[in-house]
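Spelled out, the chains give:
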Amino acid sequence: MTGLSRAFLAAGAACVIVTLWKIDDEKSFELMTSFYREYKTCRDAAVSLQRAMSLLKAKDDTKSPIYWGAFSIVGASGEGLNGP
């Protein structure tokens with residue numbers, strides 16, 4: 001994962017969201033949909049990911065860390081996804 005993340009950062013990405021283990025596609029879709037919904041309002045990737053994780057934690061079928069705990073941000077997350 002580190003090598004792939006570095007490749008995206010070297011290519012100009014401000015940050016990259018990665019997972020540490022394989023995640024269920026349906027739950028990943030749910031988390032990322034929530035992430036981008038939050039990102040549209042606050043424009044901070046780290047805050048948006050934290051809020052999206054909190055939404056999954058609050059639901060009975062996704063409260064286990066197996067559904068949200070693997071996600072992490074590599075890079076300058078406070079600058080957002082499109083740079084400063």
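Before any of the text, the structure's been laid out above.
First, a word on what this report is: a plain description of the structure on this page. All chains use their own residue numbering, which begins from 1 and follows the written sequence. Given that the model is predicted, a residue must reach a pLDDT of at least 70 before its local features are reported, and side-chain atom pairs must reach 80 or more before they are shown or counted; all residues, however, enter totals for whole chains, interfaces and linings. To get the side-chain values, take all heavy atoms of the structure and skip hydrogens and water.

### Considering the overall build of the protein chain
Every helix listed is a DSSP run of H or I at least four residues long, and every strand listed is a run of E at least two residues long, numbered separately from the N terminus. Across its full length, the protein chain carries four helices and two strands. Out of the 84 residues in the protein chain, the part that is buried amounts to 31%. By the convention used here, residues are in contact when the closest approach between their heavy atoms is within 4.5 Å. Sequence-distant contacts, at least 24 apart, represent 64% of the contacts inside the protein chain between residues at least 6 apart. The Shrake-Rupley method, run with a 1.4 Å probe sphere, supplies the accessible areas, and residue values consider only the shown protein chains as cover. Carbon and sulfur atoms form 57% of the exposed surface of the protein chain, whose accessible area is close to 5,200 Å². Buried means the residue's accessible area, taken with a 1.4 Å probe over protein chains only, is under 20% of the maximum for its type, while exposed means over 50%, and partly exposed covers the values in between.

### Focus on helix H2 (residues 25–42)
With 18 residues, H2 should reach 26 Å at 1.5 Å per residue; the first-to-last C-alpha distance of 25 Å fits that figure. Restricting attention to buried positions, one finds in H2 the residues Lys27, Ser28, Leu31, Ser34, Phe35, Glu38 and Tyr39. Along the axis of H2, the buried residues cluster in a sector spanning 140°; they form a single face. In H2, those exposed residues whose orientation departs by more than 90 degrees from the buried face are Asp25, Glu26, Phe29, Arg37, Lys40 and Thr41. Positive backbone phi, approximately 60°, marks Arg43, located one or two places after H2. One less than the number of residues in a helix, times 1.5 Å, gives the span that helix is expected to have. This arc describes the spread of directions from the helix axis toward the C-beta atoms.

### Looking at unusual backbone geometry
Even without being a glycine, Arg43 presents a positive backbone phi close to 60°. Mapped onto the elements, Arg43 comes out in the loop between H2 and helix H3 (45–57).

### Description of the nonpolar core
If you look at the biggest cluster of nonpolar residues, it comprises 13 residues, and the most contacted ones within it are Leu31, Phe35, Ala45, Leu49, Met53, Trp68 and Phe71. Looking at this core, the elements that each hand over two or more residues are H2 and H3. With five residues, the single largest contributor to this core is H3. Contact partners of Trp68, with chain neighbours within four places excluded, come to Leu31, Met53, Leu56, Lys57, Thr62 and Lys63. Throughout this description, the term nonpolar core refers to a set of buried Ala, Val, Leu, Ile, Met, Phe, Trp, Tyr and Cys residues connected via side-chain atoms within 4.5 Å.

### Things to note about the environment of Leu20
Among the structural elements, Leu20 can be located in the loop between strand E1 (15–19) and H2. A residue is classified by how much of its surface remains accessible, and Leu20, at 61% relative accessible area, is exposed. When the C-alpha atoms of Leu20 and Ala70 are compared, they prove to be 4.8 Å apart, with 50 residues separating the residues in sequence.

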